[in-house]
Amino acid sequence: KGPGGEGTSLMECFSPDELRTHLASLRLTEKDAGKGQPMSARRRDAESDKAIAGASESACKACGVERLTFEPPPLYCYSCVGRIKRGQVYFHIPPHASGGEVRKDAWCNGCYTAIAGSIEVEGQKYAKALLAKKKNDDDLEEPWVQCDYCNSWHHQICVLFNGRRNEGGEAPFTCPSCIMSQLEAKTRTPTATRPSSQLPASVLPQTRLSFFLQERLRKVLSSERNERAKLQGKSVEEMPAAEGLTIRVVSSVEKKLETKASFLRAFKDQNYPAEFPYRSKVLLLFQKIEGVDVCLLGIYVQEYGSDCPAPNNRRVYLSYLDSVKYFRPSGIQVAPGMGEPCALRTYCYHQILIGYLQYIKLHGFTSCFIWACPPFQGEDYILYCHPKEQKVPKAEKLREWYLKMLRQAQKEGIVLSLSNLHDEFHLGNQNHDIASATELPYFDGDYFPGVAEDWIPGIQKEHADAAKKNKGKGGKTATAAARKTGKGKRLGAGTPEAELDVELMKKLGVTIANMRQDFIMVHLAHQCVQCRKCIANDNRWYDSTPSAHGAVFELCQECYTVEQALPIHEKRLTNGRDLVCEAIPELPNPDKPDDGEVMESEFFDTRQAFLSLCQGNHFQFDSLRRAKHTTMMVLYHLNNPSEPAFVATCNVCQRELEPGKGWRCETCTDYDICEECKMSKGHEHALVKAGRAAGDRVAMTEGDRRDRQAQITRTMELLVHATSCQVMNCGSPNCTKVKHLFKHAMGCQVKAGGGCQLCRKMWTLLQVHSKGCKTANCPVPRCRDLKEYRHRAQEQVEERRREQYRMYMQAQNAAVASGSAR
């Protein structure tokens, strides 16, 4: 086979100059490159060759360094959620105890000692005696790859080698030096049509949201560049510009947030919703740096639409945001007059968020909530392993980062007003007008749902103990307290629910009082100050004179009418105000579903899923060379979603059909036929080609994506059917096949972890099913266990975040108390 078409290294797509630029970036430090100052191509190449000339024989021929090791992924105790530090001893389930499966569950020394007899994980019990002792001191070296032509060795990351294409360790690879030699000798040409393993970010499917954000960002960055050129008296072409930016929505799926058990029981008489439907979206920003896409920014949002019950109706929660500091050009300040002073990188990220707020406002959402909680030492939110020189922002700096963006959005008329959770719901009013806990937004992974669930059992216990002491006194004290709070009429004066509600809100108010600015409420629509309802398709009565801090007093028509009916001496809301009436139109309905499609990605289903993918595969962002390789692999997974584990069977000859080899009838239920039977036997209905061939080298089209999703849906339906089917000779040959898989998995001694392909196929089916299953008592085996395991893992992540934030608040409160004492 001649040179070219290997499909294993992104460098196959590079021109000679791009190859030299990439190699120079590996070999030259910032100091060598003149601290970021422009360097001629000739001098750059000379310095690059000089740097590699002194490398040893055993060094990588791309970077000149020998052994490079990965950052060890963080390890947490399964029971107490505490972090197991480097060098500490822990206990784990060894492969021989789990049928060959490599498990990542770990127990610290203290929790291991507390285990009595056995431990249960994913519905399986493991005897304590089987747990193996280990030290957290793994030192993992970066993998190498050898050139097929010159036999030189390179770090896979340096040469942007895709290890997923290295099936059996025999994948072809050509090093950059040989590629350049072959290009100069004209025995090869740069890859023009990229295979699916090397596709750029720009080919990821567009959505209306990503198109809106990218076009808006292009326009504002162009305006800023023009303004910068104007102020410096130079031409626009002379001004450094942020080029090669790509924004994509990589996940957009419907989810349901279940109300936590204690909270739901506590407010069952208030008809509090048992679940809140929402759409989870993931946005990524890429920039092409030195010919390679680099993921710079990741954002997770939750959109609760018009069909979602109160208190989440038409609200958006910005749940996670994370970035790495590789944005180009660096060190450029935004032109004065384009907003508050900031770096171009900050301006770009702010404009993406402002664009998102504008988009959701145009689509009928009325508010956005942001918990400005920075990651804590050693933690990552989305992008794994940040550069060491990138400092983790303190809470004050992160809060100001968001507020600077929101102030600009206010100037542009997108945001109408800003508040915080504490002031919005009067949590500081301990004796009157305090809001009910049922009025607070209830978001997935947010601070309030977690602490409320932690606090409710303790508050109920305190009330039960107090009731025992006051037994026989008629409960007058409780009733009087309920009346004082003003909540008695709504919740039922003196009832346990009323007392719990008041105590819960009081505790929340006291806890977050000094950190109230971290819980940001962003209003995109007008809101009545009295009933806190959105004013739409109604009259708005507002004070024509804003307050000193810019807040506008406004009432809905109903609250204004009630206020006007009161005697003059009782009008506490409108006295002294000059109110003006304005008709507010109806809100548009949010798209459902957005763009008419579902974009599923198992790697971005949750931010923890993506973080785990990166940790498990050592996809790090701690250097530009690693960020390039990591992004390449992320794009590979996005462009090559794994095929469904279940392989269809020909309904005529019963042979298994390889992906892309068979035909499917869209009229009959569960009917597939192979090419030979189609030609010899035929079928009464029209047939369509089934899916893509395994290892297909071209990009997935929208049709391919829909076909793949339809195939997964059919497979999941078949799995549920086969679980409950009692018919011996079921009409579907695929049903019989799934039954055989079940039977095999029950008796197999090798198991999936030991390498059994049938068990792996079954295990993949069960995992895919459990991720999307919404049935409470699902009959599919292990479904409940898998759902509980994932739920517990998510709870642990949230618990760890709340605990770290609690410790941070304690430190802040102590600092405030210390300052007051002085």
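Only a predicted model underlies this, so the values are computations on that prediction, with no experimental measurement involved.

J.: Help me understand the sheet that holds strand β12 (residues 292-304), please; the structure alone is not making it clear to me.
T.: Remark on secondary structure: sheet strands pair via backbone hydrogen bonds, oriented parallel or antiparallel. The sheet built from seven strands is open, its strands ordered β10-β11-β12-β13-β14-β16-β15 with mixed pairing. Only two strands of the sheet have a single partner each, and these edge strands are β10 (245-258) and β15 (417-420). Neighbour to neighbour, the strand axes of the sheet diverge by 25° on average, direction disregarded. Bridge analysis of strand β14 (residues 367-371) against strand β16 (residues 519-523) gives five bridges, and the strand direction is antiparallel. If you follow Ser-367 over to β16, its bridge partner there is His-523.

J.: Is there a simple way to explain the nonpolar core in this structure?
T.: The tendency in soluble globular proteins is for nonpolar side chains to be buried as a group. Counting residues in each nonpolar core, the largest one holds 148 residues, and the members touching the most others are Phe-263, Tyr-402, Phe-604 and Tyr-805. Examining the composition of this core, we find that 11 residues originate from one element, helix α7 (residues 344-362), more than from any other. Those residues within four positions of Phe-263 in sequence are excluded, and the remaining contacts are Tyr-272, Ala-437, Tyr-442, Phe-448, Ala-452, Glu-453, Ile-456 and Leu-504. Residues Met-716, Val-738, Cys-783 and Leu-786 belong to the second largest nonpolar core, which totals 20 residues.

J.: Just checking my understanding: could you explain helix α4 (residues 176-184) for this structure?
T.: For the α-helix, the turn length of 3.6 residues means that residues three or four positions removed from each other point alike. Inspection of α4 places Pro-176, Cys-178, Ile-179, Met-180, Gln-182 and Leu-183 among the buried residues, and these make up the whole buried set. Lys-186 sits one or two positions beyond α4 and adopts a positive phi of about 60°.

J.: What is the right way to read the pattern of salt bridges from this model?
T.: A pair can form between side chains of opposite charge whenever their charged atoms are brought close. What the rule picks out here adds up to 32 salt bridges. When the shortest N-O distance is used, the salt bridge between Arg-44 and Asp-45 registers 3.0 Å. When sorted by exposure, Arg-44 lands in the same class as Asp-45, which is buried. Residues Arg-216 and Glu-412 are paired through a salt bridge, measuring 2.8 Å at the closest nitrogen-oxygen approach. With Arg-216 in helix α5 (residues 208-232) and Glu-412 in the loop between α8 (395-411) and β15, this pair connects stretches of sequence that are 196 residues apart. Its relative accessible area of 35% is what places Glu-412 among the partly exposed residues. Put simply, Asp-17, Arg-20, Arg-44 and Asp-45 are held in one network by salt bridges that share partners.

J.: Got a minute to help me understand the side chain of Arg-248 in this structure?
T.: If you trace the backbone, Arg-248 turns up in strand β10. For Arg-248, the side chain forms a polar contact with the main-chain oxygen of Leu-204, separated by 2.9 Å. The contacts of Arg-248, once residues within four sequence positions are left out, are Ala-201, Ser-202, Leu-204, Pro-205, Gln-206, Ser-210, Gln-214, Val-282, Leu-283 and Leu-284.

J.: Help me understand the environment of Thr-193 in this model?
T.: Along the chain, Thr-193 falls in the loop between α4 and α5. For Thr-193, a relative accessible area of 67% corresponds to the exposed category.

J.: What is the right way to read the sheet that holds strand β18 (residues 554-556) from this model?
T.: With respect to topology, three strands assemble into an open sheet ordered β18-β17-β19, the strand pairing being antiparallel. Edge strands, defined here as strands with exactly one partner in the open sheet, are β18 and β19 (579-584). Neighbouring strand axes in the sheet, compared pairwise and without regard to direction, differ in orientation by 25° on average. Bridge count between strand β17 (residues 538-543) and β18: three bridges; the pairing is antiparallel. In the sheet register, Tyr-542 faces β18, and the bridge partner there is Glu-554. Contacting β17, β18 and β19, helix α14 (residues 557-564) runs over the sheet at an angle of about 95° to β18.

J.: Before we go on, may I ask you to explain unusual backbone geometry in this structure?
T.: Working note: non-glycine residues mostly have negative phi, and peptide bonds are mostly trans. In this model, Ala-310 is joined to Pro-311 through a cis peptide bond whose omega is 10°. For the bond running from Arg-328 to Pro-329, omega is 0°, close enough to zero to count as cis. Relative to the helices and strands, Pro-329 is located in the loop between β13 (315-323) and α7. One non-glycine residue with positive phi stands out, namely His-426, at about 55°. Within the fold, His-426 resides in the loop between α9 (421-424) and α10 (447-469). Owing to a relative accessible area of 24%, His-426 belongs among the partly exposed residues under this scheme.

J.: Just to check I follow, could you spell out the pairing of β14 for this structure?
T.: A regular strand carries its side chains on alternate faces of the sheet. Judged by how many residues are buried, β14 sits mostly within the fold: five of five residues are covered. Residues Ser-367, Phe-369 and Trp-371 point to one face of β14 and Cys-368 and Ile-370 to the other, with burial holding for every one of them. Both β13 and β14 contribute to a ladder of four bridges, which runs parallel. Considered in β14, the bridge of Leu-318 is made with Ile-370. Each parallel crossover has a hand, and the one from β13 via α7 to β14 is right-handed.

J.: Could you clarify how one ought to interpret α8 in this entry?
T.: The terminal C-alpha atoms of α8, which comprises 17 residues, lie 24 Å apart, in line with the 24 Å expected from a rise of 1.5 Å per residue. Of the positions making up α8, those classed as buried are Ala-395, Leu-398, Arg-399, Tyr-402, Leu-403, Met-405, Leu-406, Gln-408 and Ala-409.

How each quantity is defined
- Residues numbered from 1 in each chain as written.
- Predicted model: local features only at pLDDT ≥ 70, side-chain atom pairs only at ≥ 80, totals over all residues.
- Heavy atoms only, no water.
- Pairing = 2+ DSSP bridges.
- Helix = DSSP H or I, 4+ residues; strand = E, 2+ residues; numbered from the N terminus.
- Axes fitted to C-alpha atoms, helices over the stretch in contact; angles between N-to-C directions.
- Core = buried A, V, L, I, M, F, W, Y, C linked by side-chain atoms within 4.5 Å.
- Buried < 20%, exposed > 50% of the residue type's maximum accessible area, 1.4 Å probe, protein only.
- Contact = heavy atoms within 4.5 Å.
- Salt bridge = Lys/Arg side-chain N within 4 Å of Asp/Glu carboxyl O.
- Polar contact = N/O pair within 3.5 Å; in protein donor to acceptor, adjacent residues only side chain to side chain.
- Right-handed = clockwise from strand over helix to strand, strands pointing away.
- Expected span 1.5 Å × (residues − 1).

None of the figures reported here should be taken as evidence of function without further support.
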